[in-house]
Amino acid sequence: MSARAVFDRTPGNVPLYRQVRRAVEALALEASLVDDTPLPPEWALMERFGVSRGTLRRAIGELEREGLLWRRSGRGTFVNPAARLRQTIWQRLRAVAVPDSRFGVDFSRFIPDFEGSATCTERIAALEEYRSANTLVVMPDNNLESLRARALADGKRLVVCTYAMRRGFVVLQGRRIKAEDRRLAATLDGMERFARPLSFAKLRALRRVDLVVTGAAAVSREGVHFGKGHGYLDIEWGLLREIGLVGDETTVVASVHDCQVVEERVPHAVYDVTVDVIVTPTEVTRCEPKPKPPGIFWDRLPRSFAATRPYFAELEGGAMTGT
Amino acid sequence: MAETNPEARADSSEERAAIRSGVWDRMRGVGRPDTRFIYDFTNFIPDFPGSERFPDLLRSLPFYAGDGPVFVAPDNCLEGLRAGFVTEGRPLLQTIAVAIGFHYFAPGSVPPGQERFAGLLDGAMALAEEVDLDFVRALGRLDFVVTGACAVDRTTGVRYGKGHGFFDLEWGILSSLGVVDARTPVVICCHDNQIVDAKLAPASFDTAGDWIVTPTQVIEIEERQRNPSGIDWERLDAHYLEEIAPLKELRSEAVPSARPGSGGER
């Protein structure tokens, strides 16, 4: 155990429990990515940090609520491996990421743009699957802004899901957007003015999607994708599959920074979308093809999901499958 | 700030919440969605029909003329106004996400044709210059300040924001830097539905405007309630000092022990 920590107790500076929280977080992220050891027990942490049980519990309580830690009664406090993976990646990303206009650097709320994303766009534009594509589905991730602008310049049809899937899908027609408006139309704010909403009927009428491009929080070398933790890519994929626009053969490209690629083997489940091509500023990796989710896993949807997304009512009405 | 009048009690947080909730009810169907927060008005100040009139309405105000710098809050109803200042070549200081600090449009810094983009928050992220507190201090006194609001009192000019206190913080930082003071005109741009009949009873950290501008009316506040100066560090929400970069910067200027790496374990 390292030397006893020293915290700043000056009134008006960062509160003690927040400093302890940061220290506990650092401890949680120290171990290797697949470690299963619990944190040191409460008494040991109190001793190490020189703080009361109340302060320690307040710090740990926040990290539990945020999903990094979880307590097994009688067995200790453990680190959630997926959360640990994300937090580790987010720490690396801080040095290269561009803040969001609303969320700043709170990467749990958005997928950030990063240094080198324009190079990722060049690499994607060189892929045969991109060159021959007419219709692309592109996630609303910030690092895909330059790709969206490029696809518009190349006259492609872009289907984009609105942020957090809150207002369904919209379409941007490359041929209908003037050159000077492309950069604007590629941003979320700009898209409000240029994109048109797509009902499920209109989506189905597109017949096929040629390519799917996504950002990520992290991606494993074998193509397992980690988003912010809400499962949006899986749900979007499920929707598109049920409508018949995509299948196992549809190429999924992930565009990430090199620091977001995880070398460890990470397990994936039948409901996880897997990625066929990983594009970073420095390289392109083609992954072993794997089966992709066959549709939406309805019991995995968060309970409030449909309630906060009025367009989902179309699903219940059978609009998705056209029945 | 000690109250000399024992009757002048500030609104409790429940009263504020009720006032805000009433305004947001009236803005339903009027306020335009935000790209991230959609209709969750507790997290953003919405745009609305009529906001396109703000540039002309502000031009009619007596203090408008000049080419000195102005500060405009990142509220959605001020998008057109910010684009207008960029077009006009008025030096524009603003925040985007308050956590990431101040941003600045120098006159002529935006390529022609991109002014509308610059007025949007995503556009400002792409086109504005990120600046530190020294830069803001060196700008000197701002000509005026413009902000949106949730609720506004038409008699006193007292405003409530979303509830996060961001404009109060922005004002607190700007006044600490000496670029705004009691003489700086403060304009509140809002929708008519946001002007409340009830009297808003401000707390020591609340700010008020000299002018209220809506799409249909311009109201001059005779005696603006005195705005606070500086930041009340002890009252500050626990997370803000860590998460809001310009606050952290300001604190480390005031208190060397608050500088990162000078005492805490990482």
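Residues numbered from 1 in each chain as written. Chains lettered and ligands numbered in written order. Predicted model: local features only at pLDDT ≥ 70, side-chain atom pairs only at ≥ 80, totals over all residues. Heavy atoms only, no water.

### Examining the pairing of strand E2 (residues 92-95) of chain B
All names here are of chain B.
Then, in step 1: Burial of E2 is two-sided: the residues Leu 92 and Gln 94 facing one way and the residues Leu 93 and Thr 95 facing the other way are all buried.
Then, in step 2: Relative to E2, strand E1 (residues 70-72) runs parallel, the two being bridged by 3 bridges. What sits directly across from Phe 71, in E2, is Leu 93.
Then, in step 3: Where the polypeptide runs from E1 across helix H3 (residues 79-88) and back to E2, its parallel neighbour, the crossover connection is right-handed.
Then, in step 4: Pairing of E2 with strand E3 (residues 102-105) involves 4 bridges; the strand directions are antiparallel. Counterpart to Leu 93 in the pairing with E3 is Tyr 104. (Buried < 20%, exposed > 50% of the residue type's maximum accessible area, 1.4 Å probe, protein only. Helix = DSSP H or I, 4+ residues; strand = E, 2+ residues; numbered from the N terminus. Pairing = 2+ DSSP bridges. Right-handed = clockwise from strand over helix to strand, strands pointing away.)

### Digging into the nonpolar core
Then, in step 1: One finds A:Leu203, B:Leu58 and B:Leu247 to be the most contacted residues of the largest nonpolar core, which totals 160 residues.
Then, in step 2: If one sorts the elements of this core by residue count, helix H11 (residues 232-243) of chain A sits on top with 7 residues.
Then, in step 3: A:Leu68, A:Leu69, A:Val79 and A:Ala83 belong to the second largest nonpolar core, which has 20 residues in total. (Core = buried A, V, L, I, M, F, W, Y, C linked by side-chain atoms within 4.5 Å.)

### A look at the sheet that holds E1(B)
Residue and element names in this part refer to chain B.
Then, in step 1: The sheet built from 8 strands is open, its strands ordered E4-E3-E2-E1-E5-E8-E10-E11 with mixed pairing. With one partner strand each, in any of the chains shown, strand E4 (129-131) and strand E11 (218-220) form the two edges of the open sheet. Along the sheet, successive strands turn relative to each other by an average axial angle of 25°, direction set aside.
Then, in step 2: Lying on the sheet, H3 is in contact with E1, E2, E3 and strand E5 (144-147); it crosses E2 at an angle near 150°. (Axes fitted to C-alpha atoms, helices over the stretch in contact; angles between N-to-C directions. Contact = heavy atoms within 4.5 Å.)

### Points about the packing of helix H1 (residues 16-30) of chain A against helix H3 (residues 53-65) of chain A
All names here are of chain A.
Then, in step 1: It is the contact of H1 with H3, at a shortest axis distance of 8 Å, that shows an interaxial angle of 60°. Put simply, H1 runs oblique to H3. Handedness of the crossing formed by H1 with H3: right-handed. Between H1, through Leu 16, Tyr 17, Arg 18, Val 20, Arg 21, Val 24 and Glu 25, and H3, the contact on the second element is made entirely by Thr 55, Leu 56, Arg 58, Ala 59, Ile 60, Glu 62 and Leu 63. (Parallel < 35°, antiparallel > 145°, perpendicular 65-115°, else oblique. Left-handed = near helix turned anticlockwise from the far one by under 90°.)

### So, the interface of chain B and chain A
Then, in step 1: At the interface, 35 residues of chain B touch 43 residues of chain A.
Then, in step 2: Buried surface at the junction of chain B and chain A, both sides included, amounts to about 3400 Å², of which 53% is carbon and sulfur.
Then, in step 3: The partner of A:Asp100 in a salt bridge is B:Arg36, and the shortest N-O contact between them spans 2.7 Å.
Then, in step 4: At the junction of chain B and chain A, the tally comes to 18 residue pairs in polar contact (both at pLDDT 80 or more).
Then, in step 5: Sorting the residues of the side of chain B that touches chain A by element identifies helix H4 (115-119), helix H5 (121-127) and helix H8 (240-243) of chain B as the ones contributing at least two each.
Then, in step 6: Considering every element that reaches the side of chain B that touches chain A, the biggest residue donor is H5(B), with 5 residues. (Buried area = accessible area lost by both parts, 1.4 Å probe. Salt bridge = Lys/Arg side-chain N within 4 Å of Asp/Glu carboxyl O. Polar contact = N/O pair within 3.5 Å; in protein donor to acceptor, adjacent residues only side chain to side chain.)

### Looking at the pattern of salt bridges
Two side chains bearing opposite charge may form a pair once their charged atoms approach each other closely.
Then, in step 1: Inspection of the entire model under this criterion finds 38 salt bridges over all chains.
Then, in step 2: The partner of B:Glu242 in a salt bridge is A:Arg18, and the shortest N-O contact between them spans 2.5 Å. Here A:Arg18 lies in helix H1 and B:Glu242 lies in helix H8, a pairing that spans two chains. Judged on exposure class, the residue B:Glu242 and its partner A:Arg18 are both buried.
Then, in step 3: Residue A:Arg57 pairs with A:Glu42 through a salt bridge whose shortest N-O separation is 2.7 Å. Placement of the pair is A:Arg57 in helix H3 and A:Glu42 in helix H2 (residues 42-49), with a sequence separation of 15 residues.
Then, in step 4: Residues participating in the shared-partner salt-bridge network are A:Arg18, A:Arg21, A:Arg22, A:Glu25, A:Glu62, A:Glu66, B:Glu242 and B:Glu243.

### Describing the side chain of A:Gln260
Residue and element names in this part refer to chain A.
Then, in step 1: Examined against the element boundaries, Gln 260 turns out to sit in the loop between strand E12 (251-255) and strand E13 (261-262).
Then, in step 2: Given the relative accessible area of 2%, Gln 260 is considered buried.
Then, in step 3: Polar contacts involving the side chain of Gln 260 include one to the main-chain amide nitrogen of His 257, which spans 2.8 Å.
Then, in step 4: Once residues within four sequence positions are removed from consideration, Gln 260 is found in contact with Ile 89, Leu 93, Phe 114, Ala 216, Ala 217, Ala 218 and Val 219.

### A word on H3(B)
Residues and elements named next belong to chain B.
Then, in step 1: Within H3, 7 of the 10 residues are buried, leaving the element largely enclosed by the surrounding structure.
Then, in step 2: Residues of H3 that are buried: Glu 79, Leu 81, Arg 82, Ala 83, Gly 84, Phe 85 and Val 86.
Then, in step 3: Where H3 terminates, the next one or two residues include Gly 89, which has phi positive at roughly 80°.

### Let's talk about the confidence of the model for chain B
Then, in step 1: This prediction gives chain B a mean pLDDT of 91; 93% of its residues lie at or above 70.
Then, in step 2: Counted against residues more than four places away or in other chains, residues 1-7 of chain B, with its pLDDT under 50, gives 2 contacts. (pLDDT = per-residue confidence, 0-100.)

### Quick look at the sheet that holds strand E7 (residues 159-160) of chain B
The pairing of strands in a sheet comes from backbone hydrogen bonds and takes either a parallel or an antiparallel form.
Residues and elements named next belong to chain B.
Then, in step 1: If you trace the 3 strands from one edge of the open sheet to the other, you get E7-E6-E9, paired in mixed fashion. Of all strands in the sheet, those bounded by a partner on one side alone are E7 and strand E9 (195-196).
Then, in step 2: For strand E6 (residues 151-153) and E9, the ladder comprises 2 bridges, and the chain directions are parallel. Bridged to Asp 153 within E9 is Val 196.

### Observations concerning unusual backbone geometry
Residue and element names in this part refer to chain A.
Then, in step 1: Even without being glycine, Ala 164 reaches a positive phi, approximately 55°.
Then, in step 2: As for its placement among the helices and strands, Ala 164 is situated in the loop between strand E6 (157-161) and strand E7 (169-173).
Then, in step 3: Overall, the relative accessible area of 13% leaves Ala 164 in the buried class.
Then, in step 4: For Met 165, which is not glycine, the phi torsion reads 55° and is therefore positive.

### A short note on H3(A)
All names here are of chain A.
Then, in step 1: Over its 13 residues, H3 runs 18 Å from end to end, which matches the ideal 18 Å to within 8%, given 1.5 Å per residue.
Then, in step 2: Among the residues making up H3, those that are buried are Thr 55, Leu 56, Ala 59, Ile 60, Gly 61, Glu 62 and Leu 63.
Then, in step 3: Looking at the packing, one finds that the buried side of H3 touches H1, H2 and strand E1 (69-72).
Then, in step 4: Once H3 finishes, Gly 67 follows within two positions and takes phi at roughly 95°, a positive value. (Expected span 1.5 Å × (residues − 1).)

### Considering the packing of aromatic side chains
Then, in step 1: Within the structure shown, the criterion is met by 23 aromatic pairs over all chains.
Then, in step 2: Plain terms: the ring middles of A:Phe305 and A:Phe312 are 5.1 Å apart, the flat faces sit at 80° to each other, and that makes the pair edge-to-face. A:Phe312 carries the same exposure label as A:Phe305, and that label is buried.
Then, in step 3: Relative to B:Phe54, the ring of B:Phe48 lies with its centre 5.9 Å away and its plane at 85°, an arrangement referred to as edge-to-face. For the pair B:Phe48 and B:Phe54, one class covers both residues: buried.
Then, in step 4: A network of ring pairs unites the aromatic residues A:Phe103, A:Phe107, A:Phe110, A:Tyr163, B:Trp24, B:Phe37, B:Phe41 and B:Phe44 as a single cluster. (Phe/Tyr/Trp six-rings, centres within 6.5 Å; stacked < 30°, edge-to-face > 60°.)

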